[in-house]
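Below are the chains, spelled out letter by letter.
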Amino acid sequence: MECAWKPDEQGLQQILQLLKESQSPDTTTQRSVQQKLEQLNQYPDFNNYLIFVLTKLKSEDEPTRSLSGLILKNNVKAHYQNFPNGVSEFIKNECLQNIGDSSPLIRATVGILITTIASKGELQNWPELLPKLCQLLDSEDYNTCEGAFGALQKICEDSAEILDSDMLDRPLNVMIPKFLQFFKHNSPKIRSHAIACVNQFIISRTQALMLHIDPFIENLFALATDEEPEVRKNVCRALVMLLEVRMDRLLPHMHNIIQYMLQRTQDQDENVALEACEFWLTLAEQPVCKDVLSGHLAQLTPVLVNGMRYSEIDIILLKGDVEEEDEAIPDNEQDIRPRFHRSRTVAQQHEGGDGIEEEDDDDDDLDDDDTISDWNLRKCSAAALDVLANVFRDELLLHILPLLKELLFHQEWVVKESGILVLGAIAEGCMQGMIAYLPELIPHLVQCLSDKKALVRSIACWTLSRYAHWVVSQPPDQYLKPLMTELLKRILDGNKRVQEAACSAFATLEEEACTELVPYLAFILDTLVFAFSKYQHKNLLILYDAIGTLADSVGHHLNKPEYIQMLMPPLIQKWNQLKDEDKDLFPLLECLSSVATALQSGFLPYCEPVYQRCVNLVQKTLAQAMLHQSQPDAYESPDKDFMIVALDLLSGLAEGLGGNIEQLVARSNILTLMYQCMQDKMPEVRQSSFALLGDLTKACFQHVKPCIADFMPILGTNLNPELISVCNNATWAIGEISIQMGADMQPYVAMVLHQLIEIINRPNTPKTLLENTAITIGRLGYVCPQEVAPMLQQFIRPWCTSLRNIRDNEEKDSAFRGICTMITVNPGGVVQDFIFFCDAVASWVNPKDDLRDMFYKILHGFKDQVGEENWCRFSDQFPLPLKERLAAFYGV
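From a predicted model like this one, the values you see are computed outputs, not experimental measurements. (Residues numbered from 1 in each chain as written. Predicted model: local features only at pLDDT ≥ 70, side-chain atom pairs only at ≥ 80, totals over all residues. Heavy atoms only, no water.)

Draft legend 1. Representation of the overall build of the protein chain in the model. Assigned secondary structure in the protein chain consists of 50 helices and zero strands. Each principal axis of the C-alpha atoms in the protein chain carries an extent, and together these give about 100 × 65 × 65 Å. In the protein chain, which comprises 892 residues, the proportion classed as buried is 57%. In the structure as shown, the protein chain presents an accessible area of about 39100 Å², 51% of it carried by carbon and sulfur atoms. A distance of 0 Å separates the average location of the 76 positive side-chain charges in the protein chain from that of its 125 negative side-chain charges. (Helix = DSSP H or I, 4+ residues; strand = E, 2+ residues; numbered from the N terminus. Buried < 20%, exposed > 50% of the residue type's maximum accessible area, 1.4 Å probe, protein only. Areas by Shrake-Rupley, 256 points an atom, 1.4 Å probe, with all protein chains shown as cover. Lys, Arg positive; Asp, Glu negative; His and termini not counted. Charge placed at Lys NZ, Arg CZ, Asp CG, Glu CD.)

Draft legend 2. Focus on the pattern of salt bridges. Overall, the coordinates contain 37 salt bridges when judged by the stated rule. Its salt-bridge partner being E486, residue K489 comes within 2.9 Å of it at the nearest N-O pair. In this pair, K489 and E486 both sit in helix α28 (residues 480-491), three residues apart, roughly one turn of the helix. Judged by its relative accessible area of 15%, E486 is buried. Note that E581 and K620 form a salt bridge whose closest N and O atoms lie 3.7 Å from each other. Placement of the pair is E581 in the loop between α32 (561-577) and α33 (585-599) and K620 in helix α34 (residues 604-630), with a sequence separation of 39 residues. Using a relative accessible area of 55% as the deciding quantity, one classes E581 as exposed. The exposure class of K620 is partly exposed, given its relative accessible area of 44%. (Salt bridge = Lys/Arg side-chain N within 4 Å of Asp/Glu carboxyl O.)

Draft legend 3. Structural detail: the packing of helix α35 (residues 641-657) against helix α38 (residues 683-699). Axis separation between α35 and α38 bottoms out at 9 Å; the angle between their running directions is 20°. Here α35 lies roughly parallel to α38, going by the angle between them. In the packing of α35 onto α38, the handedness of the crossing is left-handed. Residues M643, I644, L647, D648, L650, S651, A654 and E655 of α35 form the contact with α38, whose participating residues are E684, V685, S688, S689, A691, L692, D695, L696 and A699. Across the contact of α35 with α38, the residue classes break down as 10 nonpolar, three polar and four charged. (Axes fitted to C-alpha atoms, helices over the stretch in contact; angles between N-to-C directions. Parallel < 35°, antiparallel > 145°, perpendicular 65-115°, else oblique. Left-handed = near helix turned anticlockwise from the far one by under 90°. Contact = heavy atoms within 4.5 Å. Nonpolar A, V, L, I, M, F, W, Y, C, P; charged D, E, K, R; others polar.)

Draft legend 4. Local environment of the side chain of H444. By secondary structure assignment, the location of H444 is in helix α25 (residues 438-448). With near-sequence residues (within four places) excluded, H444 lies in contact with L408 and F409.

Draft legend 5. Seen up close, the packing of aromatic side chains. Counting across every chain of the model gives 23 aromatic pairs. Centre to centre, the rings of F279 and W280 are 5.0 Å apart; their planes meet at 90°, and the pair counts as edge-to-face. The pair formed by F279 and W280 is uniform in burial state, with each residue classed as buried. Residues F874 and F878 carry aromatic rings whose centres are separated by 5.3 Å and whose planes lie at 75° to one another, so their mutual orientation is edge-to-face. Residue F874 shares its accessibility class with F878, and that shared class is buried. (Phe/Tyr/Trp six-rings, centres within 6.5 Å; stacked < 30°, edge-to-face > 60°.)

Draft legend 6. Structural context of the packing of helix α21 (residues 377-392) against helix α22 (residues 394-408). Across the interface, α21 lies against α22 with an axial gap of 6 Å and an inter-helix angle of 125°. Relative to α22, the element α21 is oriented oblique. Contacts from L385, L388, A389 and F392 of α21 reach α22 at D394, E395, L396 and I400. Grouping the constituent residues of the contact of α21 with α22 by class yields six nonpolar, no polar and two charged.

Draft legend 7. Focus on unusual backbone geometry. Phi angles above zero are rare outside glycine, and R393 is one such case at about 50°. Among the structural elements, R393 can be located in the loop between α21 and α22. A relative accessible area of 42% places R393 in the partly exposed class. Despite not being glycine, Q600 has its phi angle at roughly 50°, a positive value. Following the sequence through the fold, Q600 ends up in the loop between α33 and α34.

Draft legend 8. Layout of the confidence of the model for the protein chain. Taken residue by residue, the protein chain gives an average pLDDT of 86. The fraction at 70 or more is 93%. Scored below 50 in pLDDT, residues 352-373 shows 44 contacts in the model against residues more than four places distant or in partner chains. (pLDDT = per-residue confidence, 0-100.)

Draft legend 9. Geometry of helix α49 (residues 868-875). Of all the positions in α49, only W871, F874 and S875 are classed as buried. Angularly, the buried residues of α49 cover 85° about the axis, an arc narrow enough to put them on a single face. Within α49, the exposed residues directed more than 90 degrees away from the buried face are E869 and R873. Turning to α49, the residues buried within the fold contact α47 (834-842), α48 (849-866) and α50 (880-890). (Arc of directions from axis to C-beta.)

Pasting the structure below:
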């Protein structure tokens with residue numbers, strides 16, 4: 001076999017020529033090389049040439065040989081199943097014979113090639129691979145041992161699941177003890193490979209490793225102070241994973257491990273320090289954190305705080321010492337991160353809060369410096385301090401305060417900057433303890449907003465936003481006004497990083513302040529509109545968000561001719577500039593959706609072109625999806641985000657314009673398009689189309705009604721609580737449809753009622769979904785009491801508990817009318833849970849008169865039914881506030 005294949009000299013020269021050309025920076029040359037490679041793939045033995053250059057042609061330079069191997073790797077990835085038998089055998093043999101090449105680059109390339117073949121399902125079809133590699137580990141020749149280990153490490157990374165399955169006769173039972181022997185090898189590179197191999201099997205709790213867990217941990221401890229950084233890094237990584245998986249085995253040594261990690265977090269090698277710093281983040285999530293870490297806080301706090309300083313390299317990369325106004329320099333398009341659109345979810349308003357309660361996944365996390373490598377020691381230290389502040393609260397503050405005093409007023413800007421970051425990191429966890437210091441600190445931070453260093457100005461923006469809640473709780477003239485004034489100046493800063501931080505911070509302030517901002521609207525809009533003309537691409541996208549959040553926060557107060565005159569022209573100008581394929585439409589459409597909802601009738605002059613374009617975007621996307629489905633090779637699949645964002649803006653229009661949207665709907669095919677969207681396989685598309693269905697049902701039901709027979713079965717099949725937001729919006733839409741249909745809803749109740757009752761009784765269902773489910777059950781019962789009342793006993797208790805906390809509003813009103821009607825039809829269904837009904841009734845602040853009468857009749861009817869004595873015994877179980885409220889409002 002070996003001798004059978006020999007390269008043809010001319011063919012070899014041609015391929016070498018190609019490999020040389022492909023190293024040229026010129027894109028035209030690159031393109032022609034790609035085409036020639038594609039053509040050569042037609043020849044069965046092309047891949048033989050590639051492996052020959054990699055392993056046999058020692059006269060060639062290493063980069064060319066390695067490149068030949070990498071091209072072969074791509075061919076294996078794409079076409080391995082079509083390789084003739086002889087070719088794949090030849091390649092496999094060559095790989096195993098050359099894994100010990102004297103060049104590290106060639107060894108690594110062969111290793112990559114081996115793992116690529118192995119991951120193409122070839123571990124089963126290459127039975128000699130693992131035994132051979134394990135045997136090569138024992139070679140006296142360093143290169144052979146290192147090459148084999150490099151290949152094994154890649155295989156462990158790529159094929160961990162298969163290695164631990166019955167498919168292969170459990171090779172790990174041999175491999176893991178073998179790897180452990182090499183922890184003590186005299187070569188640091190080999191020691192490092194050995195740990196890295198075993199580390200692949202910690203998180204999955206692989207049986208073969210769990211059997212040897214004690215020798216593994218002992219060996220790790222033995223390597224703790226290895227002189228090789230890569231080894232220390234892998235030791236730290238192992239310990240971090242063991243925290244999650246085998247805390248039981250680490251606990252006896254926890255004191256020493258913590259002392260060790262304290263040293264490693266200050267390691268000279270930043271990669272080691274970063275791995276070690278992850279330890280604190282992971283430990284904070286473990287229940288034992290408080291017990292084991294309490295005694296070490298005094299040592300740990302300064303270490304984390306020191307890690308939060310910018311390094312000298314960071315400062316050079318961020319041009320922190322060069323005072324630059326870079327606002328006129330266009331952005332590098334690669335730096336702009338993809339944005340994810342958060343599809344519309346319908347939620348209820350709650351007592352005590354202003355806005356809608358969002359599940360808190362805010363983006364005010366510690367991402368203040370995203371231009372350097374995304375995750376670094378500074379961010380990890382800050383994140384660790386943040387989570388530890390949430391665990392230890394004021395206990396951590398004892399250790400932080402003395403440090404903070406020193407940092408915040410320090411002469412050196414780098415030190416001061418890190419102090420401001422510390423202050424922001426602890427904001428959430430230590431808020432209670434910080435309150436005493438805020439009257440002094442907030443004015444200092446506001447002063448830092450005009451520091452001469454851009455990095456100080458930008459971090460001050462972020463930290464102030466973390467205390468926005470407190471600022472807004474104080475009299476506005478004291479902190480809110482000065483903070484807002486300074487932040488607005490920073491939105492117009494000459495430095496792009498500061499603009500970005502200020503815009504994000506202002507959006508957070510808007511969410512907290514809500515209508516407190518109304519007196520300053522003209523002043524705010526002035527700034528935001530001016531920023532339009534000033535911003536480069538990336539910050540423009542954040543500006544849209546700040547404008548959208550402003551609209552959400554002040555609502556209809558924005559609907560004044562002078563504000564509309566300021567705000568709409570620049571938005572519409574951008575809207576006209578952007579093409580339908582431009583992803584910048586996403587944030588702009590989201591922004592317009594908030595603006596349309598806030599302006600209500602004020603948006604009328606702009607609604608027609610906006611509506612038309614949204615319908616077009618939906619239509620285009622659906623058409624493209626159908627083409628792709630019928631001919632996947634000829635047509636790309638569309639980016640469905642365009643359709644999702646367009647549906648959400650249509651919802652915003654329907655909500656803002658109400659009945660005024662009727663003519664636009666009448667003149668378009670939106671309902672046909674929605675029928676398709678409601679059946680899309682992408683959940684977010686369905687989620688947004690159900691939100692739009694609910695909004696159109698409220699705005700112009702005459703156009704929706706003819707489609708109800710088609711829509712209802714689809715809504716029924718989407719009541720699957722695994723997809724929370726889809727289920728939530730479908731549920732809400734059913735409730736809105738019920739109100740409009742009245743008694744005509746009767747044929748559809750059976751399609752949905754059973755699922756709704758199941759959802760309301762499910763444990764751990766999110767609050768928003770529970771509330772919407774309860775409202776929809778109530779509304780169905782209101783319009784079809786005969787159909788729903790018989791099931792009363794199955795849902796009355798969770799129904800009452802989920803609606804007691806939402807505010808008086810139309811939706812709550814119709815739902816309670818429904819429950820009262822059903823109780824009248826089936827009083828027996830509520831008897832066992834009557835105390836829950838009493839509690840829910842008492843949650844009303846001021847129900848409409850006729851609803852109050854319904855409550856009165858049911859309460860008194862129950863009391864008369866059971867008699868005075870039983871009622872007294874029953875009402876003695878009530879908590880006092882409930883007893884008092886019912887006596888005061890309903891005289892029972």
